[in-house]
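Close look at the chain arrangement
Each chain, written out:
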Amino acid sequence: MKNYKIKIYFLSAPRFGKQGVKELSAYNYLGADTLFNAISLAYLDLYGKEKLESFLSLMLDSKSIPFYLSSFYPNGAIPAPIINPYSLAEDTGVGKKDRTDFIGYNALQKIQNHQSLSKSDYIKPLDLNDKAVASLCNPGDGEFYENAVPYHVTTINPNNENIVLSGFMNITDAYLTNIKTCFAYLQDEGLGGNRSSGMGHIQKITIEPNSELSSHKGNYHLLLNDLYPSSDDLLKLKNSQNSYYKIENKAGWYMNSDKRKPNTSYFKAGSIFDFKPEGTLLDVSREDHKSFRYGLAYTTNI
């Protein structure tokens, strides 16, 4: 299994979740679950139902998983750990206003070496300037449709800068070509909500071999995506003495349906474990609709 870094260069602001376009979280975080769902739909269109089901059957078998995916963050960033596991305290070297949800890759080594983080170790969230935000379309705003120019009004800003999100995948050679083709499909289709109104359009997606995180060694595993724990994870956690985590809940809707998915709990990205968690592809299907939540663990040592 080989490791790759993926960069997504957006031409127009994407919108993930229910956030409004002015909320930073709407375009600073692309969850592995959301991206895996998009990849699965691309896989279905490109290769058909039978091959998608074969791929998912491997993803559900803990002994033969061919593909792991992190969540995506501003380029060069990963989620900040919820606590420094070596000092068990907040970093006092940086003021609270300067601490963000993201840190750079080099900060991992500093944490492991018991060094305090500096302001430069934290990555600022992407922020569209006021002029750019004002130009973004909002399909819920009737004024947008009076003089609609969908693929123009969502240009990110006058300087033609991109929003770049990056993440990682581990994948076997057997599925590399297919998954790369799915990303090429997403490059054409875009990502996130309101794409027909011009949001989430993509300039390019790059996939390159990566070693930026593999060199980090440590006693802990930092979670780079939201985790749905396996039964083995829960057993290990019960006996764990040095794991630090945050648990949140998620519900959501089935696609093209007025029925809600079951409420499920997950470990939030940025959680730290003293064992390497496995995670699972959580089956939330109902009788007439197959549906999964991606919660396989993608971690880096810290």
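Not measured: the values here are computed from a predicted model.

Thresholds, definitions, all that
Residues numbered from 1 in each chain as written. Predicted model: local features only at pLDDT ≥ 70, side-chain atom pairs only at ≥ 80, totals over all residues. Heavy atoms only, no water. Helix = DSSP H or I, 4+ residues; strand = E, 2+ residues; numbered from the N terminus. Buried < 20%, exposed > 50% of the residue type's maximum accessible area, 1.4 Å probe, protein only. Contact = heavy atoms within 4.5 Å. Areas by Shrake-Rupley, 256 points an atom, 1.4 Å probe, with all protein chains shown as cover. Lys, Arg positive; Asp, Glu negative; His and termini not counted. Salt bridge = Lys/Arg side-chain N within 4 Å of Asp/Glu carboxyl O. Polar contact = N/O pair within 3.5 Å; in protein donor to acceptor, adjacent residues only side chain to side chain. Phe/Tyr/Trp six-rings, centres within 6.5 Å; stacked < 30°, edge-to-face > 60°. Lys NZ or Arg CZ within 6 Å of the ring centre and 35° of its normal. Patch = residues over 30% accessible without salt bridge, like charges linked within 9 Å, V, L, I, M, F, W, Y side chains within 5 Å.

Per the secondary structure count, the protein chain includes 8 helices and 15 strands. Sorting the 302 residues of the protein chain into buried and exposed places 46% on the buried side. At a minimum sequence separation of 6, the contacts of the protein chain that also span at least 24 residues come to 74%. Total accessible area computed for the protein chain in this model is approximately 15400 Å², and 47% of it derives from carbon and sulfur atoms.

Further remarks concern the side chain of D233. Counting through the fold element by element, D233 comes out in helix 8 (residues 231–238). For the buried D233, no salt bridge exists, and the shortest N-O distance to an oppositely charged side chain is 5.4 Å, to K236. In terms of polar contacts, D233 uses its side chain to reach the backbone amide nitrogen of S230, at 3.0 Å. Leave out the neighbours within four places in its chain, and D233 touches L227, F275, P277, E278 and G279.

Let us look at the packing of aromatic side chains. Two measures describe an aromatic ring pair: the distance that separates the ring centres and the angle between the ring planes. Here the structure, examined in full by the defined rule, presents 17 aromatic pairs. Ring centres of Y29 and Y73 lie 5.7 Å apart, and the angle between their planes is 45°; this geometry places the pair in the tilted category. Pair noted here: Y29 is in the loop between helix 1 (25–28) and helix 2 (32–47) and Y73 is in strand 3 (residues 73–74), with a separation of 44 residues, a long-range link. Judged by relative accessible area, which is 27%, Y29 ranks as partly exposed. In this structure, K204 packs its charged tip against the face of Y9, placed 4.6 Å from the ring centre.

Another point: the environment of Q187. Residue placement: Q187 occurs in helix 7 (residues 173–189). Along the backbone, Q187 and I205 are 18 residues apart, and their C-alpha atoms lie at a distance of 6.3 Å. With residues up to four places along the chain from it excluded, the contact list for Q187 reads I202, Q203, K204 and I205.

Turning our eyes to something else, we now look at a nonpolar patch on the surface. A grouping of I82, Y245 and I247 is seen on the molecular surface, where their side chains present a nonpolar patch of about 270 Å² in accessible area. Mapping Y245 onto the fold places it in the loop between helix 8 and strand 10 (247–250). Judged by relative accessible area, Y245 falls into the partly exposed class, the value being 38%.

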